Amino acid sequence: MEREGSKRTYYPLYLDLYGKRCIVVGGGQIAERKTRGLIEGGADRVTIISPIVTPGLAKMAELGSIRWERREYQEKDVTGATLVFAATDSRTVNEKIVRDGRAAGALLNQADEAADGDFIVPAAVRRGAMLLSVSTGGMSPTLAMRIRGELERRYGEPYAWWIERLGELRKIVLKEEGIAQQAKRDMLRGASDEAVLDLQGERRSPQREEETIEAWMSRLARQACHDGGLDGT
Ligand SMILES: C[C@@]1(CC(=O)O)C2=NC(=C\c3[nH]c(c(CCC(=O)O)c3CC(=O)O)Cc3[nH]c(c(CC(=O)O)c3CCC(=O)O)/C=C3\N/C(=C\2)[C@@H](CCC(=O)O)[C@]3(C)CC(=O)O)/[C@H]1CCC(=O)O
Ligand SMILES: NC(=O)c1ccc[n+]([C@@H]2O[C@H](COP(=O)([O-])OP(=O)(O)OC[C@H]3O[C@@H](n4cnc5c(N)ncnc54)[C@H](O)[C@@H]3O)[C@@H](O)[C@H]2O)c1
């Protein structure tokens, strides 16, 4: 069905690509960038299809992080794929990949005419489990890159450490029986407040680093108890 107007609206989501077949057709700079993004994003079944590839892609194939099929694209290549990237320098070939991929039930990214694909790739900053991403909806990749640079400077490496710690704490707190829901929420909010305060200085506070998750949890529980009642009464 034809959409009204030319503007697209996108839905953000984070994909777990582990074990899923991802196909990149083409072996130039664009294919290399998409492939690196896939590997950084946890994809372990990436296949490149191209007669020629960049030295970077050749190295990745040699190291076994990707598979390289040294030939031109064929229709059967998209069978069983979750994601397909059409990144050749031929508009006709890219369009064929998009048609075949759709028919095979894959989601398509088309490098030369993004508006014809199913998804676009945002600029990303990773800090441990935290993933910040920026898209301009394909309007200005250059601006997306610039904002990514700003985010990189604003959200430094210490975030990775804090996010891991907050995740560990959350797992324990949520499992704990005998603590009211509200108190659990207060504890988790208190913990993220402490993280933000510490991160505002962009440095780790040594005493926080030494405190075990269990000691941290007791301290937050005492505080929640003091502020509102731990058993929900
Ligand atoms: C974010 C990032 C992710 C990634 O690709 O992994 C990404 N482009 C990146 C780099 C980059 N892109 C371009 C240059 C050279 C120019 C420069 O340096 O300015 C460089 C730099 C380089 O090559 O080094 C130009 C460009 N880009 C597109 C076209 C074709 C067209 O518009 O038709 C042209 C040529 C026309 C032009 O010049 O505009 C198309 C797309 N590029 C997108 C994403 C999608 C929209 C994202 C959004 O919504 O904003 C979209 C639509 C499709 C897609 O690919 O999904 C990654 C940055 C990673 C990082 O550094 O953070
Ligand atoms: N998405 C983006 O960010 C972005 C940015 C700039 C350009 N582009 C567009 O992306 C496309 C790729 O750019 P590039 O710089 O990587 O191109 P490139 O010319 O460096 O590489 C093209 C690759 O496609 C391969 N190829 C050609 N025909 C093929 C076939 N039939 N089967 C398999 N592989 C085939 C070639 O071997 C080569 O490796 C271009 O159309 C370009 O306009 C996209």
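Residues numbered from 1 in each chain as written. Chains lettered and ligands numbered in written order. Predicted model: local features only at pLDDT ≥ 70, side-chain atom pairs only at ≥ 80, totals over all residues. Heavy atoms only, no water.

The protein chain is annotated in an unreviewed UniProt entry as precorrin-2 dehydrogenase of Paenibacillus aurantiacus. According to UniProt, the comment filed for the protein chain under the heading Catalytic activity (unreviewed entry) is "precorrin-2 + NAD(+) = sirohydrochlorin + NADH + 2 H(+)". The record in UniProt for the protein chain states the following under Pathway (unreviewed entry): "Porphyrin-containing compound metabolism; siroheme biosynthesis; sirohydrochlorin from precorrin-2: step 1/1." (UniProt positions renumbered as here; feature names shortened; annotations may be inferred.)

### A look at helix H6 (residues 181-200)
With 20 residues, H6 extends 29 Å from end C-alpha to end C-alpha; this agrees with the ideal 28 Å at 1.5 Å per step. Residues of H6 that are buried: Ala183, Lys184, Met187, Gly190, Ala191, Glu194, Ala195, Asp198 and Leu199. (Helix = DSSP H or I, 4+ residues; strand = E, 2+ residues; numbered from the N terminus. Expected span 1.5 Å × (residues − 1). Buried < 20%, exposed > 50% of the residue type's maximum accessible area, 1.4 Å probe, protein only.)

### With respect to the domain arrangement of the protein chain
Taken domain by domain, the protein chain holds domain 1 (21-121), domain 2 (122-155) and domain 3 (158-228). Each of domain 2 and domain 3 has a C-alpha centre, and these two points are 28 Å apart. With 6 residues of domain 2 in contact, the opposing surface of domain 3 contributes 4 residues. Summing both sides of the interface, domain 2 and domain 3 together bury roughly 430 Å²; the carbon and sulfur share of this comes to 70%. Taken together, the connections running from domain 2 to domain 3 amount to 0 salt bridges. The residue makeup of the side of domain 2 that touches domain 3, split by class, is 3 nonpolar, 1 polar and 2 charged. (Domains from an automatic or database assignment. Contact = heavy atoms within 4.5 Å. Buried area = accessible area lost by both parts, 1.4 Å probe. Salt bridge = Lys/Arg side-chain N within 4 Å of Asp/Glu carboxyl O. Nonpolar A, V, L, I, M, F, W, Y, C, P; charged D, E, K, R; others polar.)

### Description of the site of ligand 2
Among the 19 residues in the neighbourhood of ligand 2, the closest are listed as Gly27, Ile30, Arg33, Ser50 and Ile52. The protein chains hide 67% of the 870 Å² of surface that ligand 2 would expose on its own. Looking at which element gives the most residues to the shell around ligand 2, the answer is helix H1 (residues 29-40), with 3 residues. (Near = heavy atom within 4 Å. Areas by Shrake-Rupley, 256 points an atom, 1.4 Å probe, with all protein chains shown as cover.)

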